[in-house]
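# Overview (structure and organization)
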Amino acid sequence: MATERTLSIIKPDATKRNLTGKINAKFEDAGLRIVAQKRIHLTKAQAGEFYKVHAERPFYDELCDFMASAPVVVQVLEGEGAIAKNREVMGATNPADANPGTIRAEFAESVGENSVHGSDAPETAAEEIAYYFSGLELVG
Ligand code: UDP
Ligand code: MG
């Protein structure tokens, strides 16, 4: 399998509870390298642009408010099959369905406040990385 990069976000529910280090340890223990990382506070408009694929969904407005409610940590993870591997480490969207040991099983508070975002395919990973990082910030 090829080396890939994927966009990860540690969401406000997790940064508020000081879980950045514990979540990063899960990535590193799974063999993912954090090759870029920064803590930012999104505006609601910036969150809305990032999640525009969900604009018609009933949870969209609440999701945008949540993502702008406190700082997030945006990061690029690199590794063999990083996109799927990160989705495995994250666990299912709804923590009630997440496998034991996954980030969402251990830390998520609800289906909305579920601690992490991860890209779902190569095309979205490339777009999402470019939304937050310039090429100069990606230091493999
Ligand atoms: N979400 C929500 N309610 C739902 C489904 C999703 O609030 O019923 C939120 C949740 O924060 C989720 C995000 O919208 O992580 C994006 O949804 P998606 O289906 O892409 O899930 P993910 O890829 O994050 O697992
Ligand atoms: Mg998604």
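Residues numbered from 1 in each chain as written. Chains lettered and ligands numbered in written order. Predicted model: local features only at pLDDT ≥ 70, side-chain atom pairs only at ≥ 80, totals over all residues. Heavy atoms only, no water.

Here we take up the side chain of Arg 104. Looking at the secondary structure, you find Arg 104 in helix α6 (residues 103-107). No salt bridge is formed by the buried Arg 104, whose closest oppositely charged neighbour, Asp 13, lies at an N-O distance of 8.3 Å. Separated by 3.1 Å, the side chain of Arg 104 and the backbone oxygen of Gly 91 make a polar contact. In this structure, Arg 104 is in contact with Lys 11, Met 90, Gly 91, Ala 92, Thr 93, Pro 95, Ala 98, Asn 114 and Val 116, ignoring residues within four places of it in sequence. (Helix = DSSP H or I, 4+ residues; strand = E, 2+ residues; numbered from the N terminus. Buried < 20%, exposed > 50% of the residue type's maximum accessible area, 1.4 Å probe, protein only. Lys, Arg positive; Asp, Glu negative; His and termini not counted. Salt bridge = Lys/Arg side-chain N within 4 Å of Asp/Glu carboxyl O. Polar contact = N/O pair within 3.5 Å; in protein donor to acceptor, adjacent residues only side chain to side chain. Contact = heavy atoms within 4.5 Å.)

A word on the packing of aromatic side chains. If you walk through the whole model with that rule in mind, you get 4 aromatic pairs. Note on Phe 50 and Tyr 51: the rings are 5.0 Å apart at their centroids and 75° apart in plane angle, and the pair reads as edge-to-face. Note on Phe 50 and Tyr 131: the rings are 5.9 Å apart at their centroids and 35° apart in plane angle, and the pair reads as tilted. In this pair, Phe 50 sits in helix α3 (residues 44-50) while Tyr 131 sits in helix α7 (residues 122-132), placing the two residues 81 residues apart along the sequence. Residue classification places Phe 50 among the buried positions, given a relative accessible area of 10%. On the basis of relative accessibility, which here comes to 34%, the residue Tyr 131 falls in the partly exposed class. One aromatic cluster is present, formed by Phe 50, Tyr 51, Tyr 131 and Tyr 132 through successive ring pairs. (Phe/Tyr/Trp six-rings, centres within 6.5 Å; stacked < 30°, edge-to-face > 60°.)

The 4 strands lie next to each other as β2-β3-β1-β4, forming an open sheet whose pairing is antiparallel. In the strand order of this sheet, the two ends are held by β2 (33-40) and β4 (116-118), each with one partner. This sheet shows a mean twist of 20° between the axes of neighbouring strands, independent of strand direction. As paired elements, β2 and strand β3 (residues 72-80) share 7 bridges and run antiparallel to each other. Paired with Ile 40 across the two strands is Val 72, which belongs to β3. Together, β1 (3-10), β3 and β4 form the strand contacts of helix α5 (residues 82-90), whose direction differs from that of β1 by roughly 35°. (Pairing = 2+ DSSP bridges. Axes fitted to C-alpha atoms, helices over the stretch in contact; angles between N-to-C directions.)

Any functional reading would require information that these geometric values do not contain.
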